[in-house]
Amino acid sequence: MAQFASNILFSIDTALQQKGGVNEEVITTSKTLTYQDSTIQIIKNNTAGVLNVTLPEFKEGTIFFVRCKASSGANLSLQNPASSPGGVQVLAPGEACLVACEGTVWQTVIKA
């Protein structure tokens, strides 16, 4: 676990911007995320069923924010990488979640 010093303070005098940090796209087949993809994913499932979004291989400290932007019944199922198959979270239209990796597993931090 990381240890942080609480005696070092700093401030950022401008808005924090992650260039290329948001990806909004329409998918009709399953999608696999990589570490080159944007941290924030707004994905519209353009089918009438469930599509898988596979998370990348485990890397400690990595996060993804995924939002399901779709019509009724078009869910997204976040999946572990092929090396350790299994579901992480299912998102219905309008739902979003933040997932984080602690090195050996992807976990849902918050879902709304």
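Structure first, text after, so check above.
Below you will find a few notes about this structure. Fair warning: this is a prediction, and the values are worked out from it, not measured in the lab.

With respect to the overall build of the chain
Looking only at helices and strands, one finds zero helices and nine strands in the chain. Overall, the chain shows an N-to-C arrangement of helices and strands of β-β-β-β-β-β-β-β-β. With respect to the principal axes defined by its C-alpha atoms, the chain has extents near 50 × 35 × 25 Å. Scored against the burial criterion, the 112 residues of the chain give a buried share of 32%. Considering only residue pairs separated by 6 or more positions, the chain has 46% of its internal contacts joining residues 24 or more positions apart.

Remarks on the pattern of salt bridges
In the structure shown here, the tally under the stated rule is three salt bridges. Across the pair K69 and E24 runs a salt bridge whose closest N-O atoms are separated by 2.6 Å. One end of the pair, K69, is in the loop between β5 (63-68) and β6 (76-79); the other, E24, is in strand β1 (residues 22-27), with 45 residues separating them in the sequence. A relative accessible area of 35% means that K69 is categorised as partly exposed. A salt bridge links E25 to K31; its shortest N-O distance comes to 2.8 Å. The partly exposed category is assigned to E25, whose relative accessible area is 25%.

Notes on the nonpolar core
Within the largest apolar cluster, 17 residues are counted, with the highest numbers of intra-cluster contacts made by L55, F64, V66, L76, L78, V99 and W106. Among the elements of the structure, β4 (51-54), β5, β6, β7 (87-91) and β8 (96-101) are those that each provide at least two residues to this core.

So, the sheet that holds strand β9 (residues 106-111)
Spatially, the five strands line up as an open sheet ordered β1-β3-β5-β8-β9, and their pairing is mixed. On the outer flanks of this sheet lie β1 and β9, each paired with one strand and no other. Across the sheet, the mean angle separating the axes of adjacent strands is 25° when strand polarity is ignored. Bridging between β5 and β8 involves five bridges; their strand directions are antiparallel. Counterpart to R67 in the pairing with β8 is A96.

Cut-offs applied
Residues numbered from 1 in each chain as written. Predicted model: local features only at pLDDT ≥ 70, side-chain atom pairs only at ≥ 80, totals over all residues. Heavy atoms only, no water. Helix = DSSP H or I, 4+ residues; strand = E, 2+ residues; numbered from the N terminus. Buried < 20%, exposed > 50% of the residue type's maximum accessible area, 1.4 Å probe, protein only. Contact = heavy atoms within 4.5 Å. Salt bridge = Lys/Arg side-chain N within 4 Å of Asp/Glu carboxyl O. Core = buried A, V, L, I, M, F, W, Y, C linked by side-chain atoms within 4.5 Å. Pairing = 2+ DSSP bridges. Axes fitted to C-alpha atoms, helices over the stretch in contact; angles between N-to-C directions.

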